[in-house]
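These are the residues of each chain, in order.
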Amino acid sequence: MTYVVKDDCIRCKHMDCVKVCPTDCFHEGENMLVIDPDDCIDCGLCVPECPVDAIVFDDEAGIEFWLNLNARYAKIWPLITEIGTLPEDSEKWKGVPDKKQYFSDKPGDGD
Ligand code: SF4
Ligand code: F3S
């Protein structure tokens, strides 16, 4: 079992989640983060940190796409453990539905 970052994160990318993770699970893409399911210990600490409720448990209906995407890109994108620079238009993307179309497979900078 693991927690999963879903499309609500895309282009918001607040990064508050990375501060609290005890096992450094987060990996950075150009416009979202993902959780490595092999490192997540299901502590749930990151869930209330996200201002856009982008982190869910992997038993949520319809989460399979994002679960697979997290597992895949966590092995490709760099680790992130500290909050970086927010996207300038981060707030504008809060609550925008179905942001899958804006997903970028490019890696972020990491730290
Ligand atoms: Fe890290 Fe815990 Fe969130 Fe998993 S649930 S990503 S271990 S903070
Ligand atoms: Fe994304 Fe929320 Fe973390 S917007 S970067 S999952 S705090």
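As shown above, the structure is provided for reference.
Residues numbered from 1 in each chain as written. Chains lettered and ligands numbered in written order. Predicted model: local features only at pLDDT ≥ 70, side-chain atom pairs only at ≥ 80, totals over all residues. Heavy atoms only, no water.

1. Quick word on the overall build of the chain
Reasoning step 1: Secondary structure assignment for the chain yields 2 helices and 4 strands.
Reasoning step 2: In the chain, the order of α-helices and β-strands from amino to carboxyl end is β-α-β-β-β-α.
Reasoning step 3: With the C-alpha coordinates of the chain rotated into their principal frame, the extents come out at 30 × 30 × 25 Å.
Reasoning step 4: Each of the 111 residues in the chain was classed as buried or not, and the buried ones make up 44%. (Helix = DSSP H or I, 4+ residues; strand = E, 2+ residues; numbered from the N terminus. Buried < 20%, exposed > 50% of the residue type's maximum accessible area, 1.4 Å probe, protein only.)

2. Looking at the site of ligand 1
Reasoning step 1: Taken together, Tyr3, Cys21, Pro22, Thr23, Cys25, Phe26, Ile35, Cys40, Ile41, Cys43, Gly44 and Cys46 make up the full set of residues near ligand 1.
Reasoning step 2: The site holding ligand 1 turns out to be the second largest cavity. (Near = heavy atom within 4 Å. 1 Å grid on protein atoms, 1.4 Å probe; cavity = no way out; pocket = protein on both sides within 12 Å on 5 of 7 lines; lining within 4 Å. Sits in = over half its atoms within 2 Å of the grid points.)

3. A closer look at the site of ligand 2
Reasoning step 1: As a matter of local geometry, ligand 2 sits amid Cys9, Lys13, His14, Met15, Asp16, Cys17, Leu33, Cys50, Pro51, Val52, Ala54 and Ile55.
Reasoning step 2: With respect to the detected pockets, ligand 2 is housed in the largest cavity.
Reasoning step 3: Class assignment for the residues of the shell around ligand 2 results in 9 nonpolar, 1 polar and 2 charged. (Nonpolar A, V, L, I, M, F, W, Y, C, P; charged D, E, K, R; others polar.)

4. A short note on the environment of Pro107
Reasoning step 1: Assignment of secondary structure puts Pro107 in the segment after helix 2 (64-74).
Reasoning step 2: When the C-alpha positions of Pro107 and Leu33 are compared, they lie 9.5 Å apart, and in sequence the two are 74 residues distant.
Reasoning step 3: Leave out the neighbours within four places in its chain, and Pro107 touches Glu28, Gly29, Glu30, Trp77 and Pro78. (Contact = heavy atoms within 4.5 Å.)

5. Some words on the environment of Thr85
Reasoning step 1: Tracing the sequence through the fold places Thr85 in the segment after helix 2.
Reasoning step 2: Judged by its relative accessible area of 75%, Thr85 is exposed.
Reasoning step 3: C-alpha separation for the pair Thr85 and Ser104, spaced 19 residues apart in sequence, amounts to 17 Å.

6. Section: the packing of aromatic side chains
Reasoning step 1: This structure, assessed with the given rule, holds 6 aromatic pairs.
Reasoning step 2: The interplanar angle of 85 degrees and the centroid separation of 4.9 Å between the aromatic rings of Phe65 and Trp66 together place this pair among those described as edge-to-face.
Reasoning step 3: Residue class for Phe65 comes out partly exposed when judged on its relative accessible area of 40%.
Reasoning step 4: Against the face of Phe65 rests Lys100, its NZ or CZ located 4.1 Å from the ring centre. (Phe/Tyr/Trp six-rings, centres within 6.5 Å; stacked < 30°, edge-to-face > 60°. Lys NZ or Arg CZ within 6 Å of the ring centre and 35° of its normal.)

7. With respect to the layout of surface pockets
Reasoning step 1: Approximately 180 Å³ is the volume found for the largest pocket.
Reasoning step 2: In terms of lining residues, the largest pocket is bounded by 17 residues, among which Lys13, Met15, Glu28, Glu30 and Thr85 are the most central.
Reasoning step 3: Tallied by class, the residues present in the lining of the largest pocket amount to 5 nonpolar, 4 polar and 8 charged. (Points joined across faces, edges and corners; volume = space filled by probe spheres on them.)

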